[in-house]
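# Observations on the three-dimensional arrangement
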Amino acid sequence: MTCPRFTRMKVTGLAVILMSLMPPLLSAAADFAFTFFRGNGEAGVYLALSDDGMNWREVNGGRPILVPQVGGKLARDPSVCRGPDGRYHMVWTSSWKDDGFGLAHSKDLLNWSEQEYIPVNRDEPGARNTWAPEIFYDNASRQFLVIWSTTINGRFPETQDSGDNNHRIYAATTPDFKTWAPKRLFYDGGFNVIDAFLFHKDGRYGMVVKDETLRPQPQKNLHVVWSTGDVTGPWDAAEPAFTDNTVSWAEGPAVIRVKDRWLVYYDMYNKGGYGAVATEDFKHFSPVKVTLPQGIRHGTVFEVDVETAQRLLAAE
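Residues numbered from 1 in each chain as written. Predicted model: local features only at pLDDT ≥ 70, side-chain atom pairs only at ≥ 80, totals over all residues. Heavy atoms only, no water.

### Digging into the overall build of the protein chain
Counted only if it meets this: Per the convention used, a helix needs a DSSP run of H or I reaching at least four residues, while a strand needs a run of E reaching at least two, with both numbered from the N terminus. As defined in this context, the radius of gyration uses C-alpha atoms, and a globule is described by 2.2 Å times the residue total to the power 0.38. Only protein chains enter the accessibility calculation, which uses a 1.4 Å probe; a residue is then buried when its area is under 20% of its type maximum, exposed when over 50%, and partly exposed in between. Contact between two residues is taken to exist if any of their heavy atoms lie within 4.5 Å; hydrogens are not considered. The protein chains shown are the only cover counted for residues, whose accessible areas, like all others here, come from Shrake-Rupley with a 1.4 Å probe. Counted charges follow a simple rule, with Lys and Arg positive, Asp and Glu negative, and His plus the chain ends left uncounted. For charged residues, the charge sits on one atom: NZ in Lys, CZ in Arg, CG in Asp, CD in Glu.
Summing up its helical and strand segments, the protein chain has two helices and 20 strands in all. The C-alpha atoms of the protein chain give 21 Å as radius of gyration, which agrees with the globular expectation for 316 residues (20 Å, within 12%). Within the protein chain, the proportion of its 316 residues that are buried is 53%. Within the protein chain, contacts between residues at least 6 apart in sequence are counted, and of these 50% link residues at least 24 apart. Of the accessible surface of the protein chain, which amounts to about 14,800 Å², a share of 53% is contributed by carbon and sulfur atoms. The protein chain carries 33 positive and 38 negative side-chain charges, and their two centres are separated by 6 Å.

The structure is reproduced here in structure tokens:
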């Protein structure tokens, strides 16, 4: 039986209301993925997709794509990059006090290899932690580089009273995840620093870092630093902060190029939210409005291929 016209109009109006409450739809050719965690990282790593780098929809039915099994069995600060073999490689903080980080590999971001624990600080009895590992594939050296933050007791006494910890950035490289070069100091800008994120722009290596200084005055801002050489530095002095700690303290930056500009996402952790700014030159930044899943914490944005995106969308 044909429905009366007024009934169809009511249904249509209701559909519009319901659609407005749904997460943004994605095309099958989504270009970007965002790995993140919630809470303390005990549940695992979650994933969102976007086809414009600004509006995100959680996939896999809101379930974790990886549940932590190694170290302290947390999965905080997940970082992913895609290697030349087409596989995705993830590292993460496995505990507040572990001497290493977690590692796993995947072809589709849903099915992961057996998790490994990489004890990069085991030779440092004074190391307090291994925080926020970030993985970066360097085409020039054909190696994977993992950088992270660690406080080592007695090191850098000039900033030992600057906070609850006294971090610097360390690094280790590997061509194949089977052999690792010994860790080394990667970045010391003269301040307590965490959450470094590497990127490559116009033939230069850049890095966004967080000034973790708490005393005598909190900094808690993000800065850009540039290498005067290759991916290993040396690094110029940090440029002025591009976040405002009077609005929120910032950490966990993630950098991605979207068309003719770059976006920097960051965790507004003392406000319980997330922010993003756009830039073309990493000197001038402007806030941008983004749509993100609820409860998102310190993650990484990266590009995905169309086939992977289609599989993830089908896994709803």
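### With respect to the sheet that holds strand S17 (residues 261-268)
The criterion, for reference: Only strands that DSSP links by at least two bridges are regarded as paired with each other.
Pairing is antiparallel in the open sheet, where four strands are placed in the order S16-S17-S18-S19. Strand pairing shows two members of the sheet lacking a second neighbour, strand S16 (251-258) and strand S19 (286-287), which therefore form its edges. Across seven bridges, S17 lies against strand S18 (residues 273-279) in antiparallel orientation. When the sheet's bridge partners are listed, Asp267 is paired in S18 with Tyr274.

### Regarding the packing of aromatic side chains
What counts here: Centres within 6.5 Å are what make two rings of Phe, Tyr or Trp a pair, Trp counting through its six-membered ring; a difference in plane orientation under 30 degrees is then read as stacked, over 60 as edge-to-face, and the rest as tilted. Here, a charge over a ring is recorded when the distance from Lys NZ or Arg CZ to the ring centre is within 6 Å and its angle to the ring normal is within 35 degrees.
Tallying each qualifying case throughout the model produces 24 aromatic pairs. A centroid spacing of 4.5 Å and a plane angle of 40° characterise the contact between Phe144 and Phe177, whose relative ring orientation is tilted. A residue pair is termed long-range when its members are at least 10 positions apart, and Phe144 in strand S9 (residues 143-150) and Phe177 in the loop between strand S10 (168-174) and strand S11 (184-187) qualify at 33 residues. Judged by its relative accessible area of 7%, Phe177 falls in the buried class. Above the plane of the ring of Tyr46 lies Arg38, whose end atom (NZ or CZ) is 4.7 Å from the centre.

### Some thoughts on the nonpolar core
Quick note on the threshold: Residues belong to one nonpolar core when they are buried, are Ala, Val, Leu, Ile, Met, Phe, Trp, Tyr or Cys, and are joined through side-chain atoms within 4.5 Å.
With 34 residues, the main nonpolar core has Phe34, Phe199, Val255, Leu263, Tyr265 and Phe282 as its most contacted residues. Taken together, the elements giving at least two residues each to this core come down to strand S1 (32-37), strand S2 (46-50), strand S12 (193-201), strand S14 (221-230), S16, S17 and S18. When residues of this core are assigned to their parent elements, the largest contribution, six residues, is made by S17. Apart from the residues within four sequence positions on either side, Phe34 is in contact with Tyr46, Leu47, Ala48, Trp56, Tyr265, Tyr274, Leu292, Ile296, Gly299, Thr300 and Val301. Within the second largest apolar cluster, 21 residues are counted, among which are Val45, Met90, Ala104 and Phe302.

### Overview of the pattern of salt bridges
Our working definition: Take a side-chain nitrogen of Lys or Arg and a carboxyl oxygen of Asp or Glu: if they are within 4 Å of each other, that pair is a salt bridge.
Inspection of every chain in the model, using the stated rule, returns 16 salt bridges. Between Lys210 and Glu251 there is a salt bridge whose closest N-O contact spans 3.1 Å. Highlighted residues: Lys210 in strand S13 (residues 204-211) and Glu251 in strand S16, separated in sequence by 41 residues. With relative accessibility at 0%, the residue Lys210 sits in the buried group. Salt bridges here are not isolated pairs; linked through shared partners, they connect Asp123, Glu124, Arg155 and Lys183.

### Notes on the pairing of S1
Burial of S1 is extensive: six of the six residues sit out of reach of the surface. Neither face of S1 is left uncovered, since the one carrying Phe32, Phe34 and Phe36 and the one carrying Ala33, Thr35 and Phe37 both have all their residues buried. Examined bridge by bridge, S1 and S2 share five bridges and lie antiparallel to one another. Bridged to Phe34 within S2 is Ala48.

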